[in-house]
Amino acid sequence: MPDMGTMLAHWAERAGPHSDGALLPPHHERCLGCGLDNPHGHHLQVHRRGDGVVADHVFDERHVGAPGVVHGGAVATVLDDLFGFLPYLVGTPAVTRQLTVDYLSPVLVGVSYRIEATVTSREDRKVFVAATVSDFDERTVATSSAVFITVDVEHFARHGGVSGGSPTPPVADDHRDTGREGEMGQQRG
Ligand SMILES: CCCCCCCC(=O)SCCNC(=O)CCNC(=O)[C@H](O)C(C)(C)COP(=O)(O)OP(=O)(O)OC[C@H]1O[C@@H](n2cnc3c(N)ncnc32)[C@H](O)[C@@H]1OP(=O)(O)O
């Protein structure tokens, strides 16, 4: 199960500083994108490269859509997760608000792809990011952009903290941070 306490306690450590080329720590052990203890996960290995992040990744049969072709949702998952490493470099937690993927060519099962992401701009709490997925002939097969919104680290405690595979039922009108701040006495990051 996600260890929320550890995740909160270790945010600062995970956020760095990380030297250029360093392997970045996973978001947490069960993360679908990068957690090594998630049997359904992509086990993404992400390195810092300059002001961006990079991962080489091979999708496998668990990620298939059409025969031999990676499911578009799996590609989006990996892109989203890679974007989720940029907050380590930005220095403040942030979560995906919008994710766009252009699927230029089929992404193939069993083929190694290089996925690179960087921050393109920032505006208050908004962090605009972009990524490319390229094969080893340096042919771009997908591009992506996303809007991340910075949050305080307690965002994850407010909305997460699921244990034992029995998620707390969602509250229908609780899809925004707004309105809970008074109750929790927290500032958004
Ligand atoms: C530990 C990390 C793991 C990382 C894993 C990989 C990344 C992920 O998968 S994260 C999980 C998926 N994402 C989520 O669960 C987030 C769900 N959404 C939320 O919690 C909230 O909507 C949240 C926190 C993002 C923003 O809510 P809230 O704090 O109310 O912000 P809100 O006021 O709506 O928007 C903030 C600003 O962004 C702007 N904005 C919102 N959407 C967009 C958009 N699509 N484009 C441009 N700007 C936008 C708003 O206009 C607003 O601007 P301003 O401050 O200038 O008025």
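Residues numbered from 1 in each chain as written. Predicted model: local features only at pLDDT ≥ 70, side-chain atom pairs only at ≥ 80, totals over all residues. Heavy atoms only, no water.

Caption draft 1: Main features of the packing of aromatic side chains. Tallied over the full model, the rule gives two aromatic pairs. Ring geometry for Phe83 against Phe148: centres 6.3 Å apart, planes inclined by 70°, an arrangement best described as edge-to-face. A residue pair is termed long-range when its members are at least 10 positions apart, and Phe83 in helix α3 (residues 72-83) and Phe148 in strand β6 (residues 140-150) qualify at 65 residues. Across this residue pair, the class does not change: Phe83 and Phe148 are buried. Between the aromatic rings of Phe85 and Tyr88, the centroid separation amounts to 5.4 Å while the plane-to-plane angle is 80°, which identifies the pairing as edge-to-face. (Phe/Tyr/Trp six-rings, centres within 6.5 Å; stacked < 30°, edge-to-face > 60°. Helix = DSSP H or I, 4+ residues; strand = E, 2+ residues; numbered from the N terminus. Buried < 20%, exposed > 50% of the residue type's maximum accessible area, 1.4 Å probe, protein only.)

Caption draft 2: Examining the nonpolar core more closely. Among the nonpolar cores identified, the biggest contains 36 residues, and Val46, Val53, Phe59, Leu82 and Phe83 are the most heavily contacted of them. Those elements that place two or more of their residues in this core are β2 (52-58), α3, α4 (86-90), β3 (94-103), β4 (112-123), β5 (126-134) and β6. A total of seven residues in this core trace back to one element, the largest contributor, which is α3. Sequence-distant contacts of Val53, defined by excluding residues within four places in its chain, comprise Leu24, Val46, His47, Arg48, Leu82, Phe85, Leu86, Leu89, Ile115, Glu116 and Ala117. (Core = buried A, V, L, I, M, F, W, Y, C linked by side-chain atoms within 4.5 Å. Contact = heavy atoms within 4.5 Å.)

Caption draft 3: Representation of the sheet that holds β3 in the model. Read from one edge to the other, the open sheet built from six strands follows the order β1-β2-β4-β5-β6-β3, with strand pairing classed as antiparallel. At either end of the open sheet lies a strand with only one pairing partner, and these are β1 (47-49) and β3. Neighbour-to-neighbour, the strand axes of the sheet open up by a mean angle of 25°, direction not taken into account. Note: β3 against β6, nine bridges, orientation antiparallel. Counterpart to Thr100 in the pairing with β6 is Ser145. (Pairing = 2+ DSSP bridges. Axes fitted to C-alpha atoms, helices over the stretch in contact; angles between N-to-C directions.)

Caption draft 4: Highlighting the pairing of β2. Of all the seven residues making up β2, five are buried; the element is thus mostly covered by neighbouring parts of the structure. In sequence, β1 turns back onto β2 through a hairpin of two residues, with Gly50 there showing a positive phi of about 60°. Bridging between β2 and β4 involves seven bridges; their strand directions are antiparallel. For Gly52, the partnering residue across the bridge sits in β4 and is Thr118.

Caption draft 5: Local environment of unusual backbone geometry. Residues other than glycine seldom take positive phi values, yet Asp124 does so here, at roughly 55°. Inspection of the secondary structure assignment puts Asp124 in the loop between β4 and β5. For Asp124, a relative accessible area of 68% corresponds to the exposed category. Even without being glycine, Glu138 reaches a positive phi, approximately 65°.

Caption draft 6: View of α3. An ideal rise of 1.5 Å per residue puts 16 Å on 12 residues; α3 measures up with 16 Å between its terminal C-alpha atoms. Residues Ala74, Val75, Ala76, Val78, Leu79, Asp81, Leu82 and Phe83 constitute the buried set of α3. As for α3, its buried residues are in contact with β2, α4, β3, β4, β5 and β6. (Expected span 1.5 Å × (residues − 1).)

Caption draft 7: Representation of the environment of Leu108 within the structure. Mapped onto the elements of the fold, Leu108 is located in the loop between β3 and β4. Leu108 sits 42 residues away from Ala66 along the chain, and the two C-alpha atoms are 9.8 Å apart. If we ignore the near neighbours within four places in the chain, the residues touching Leu108 are Gly68, Val69, Val70 and Tyr113.

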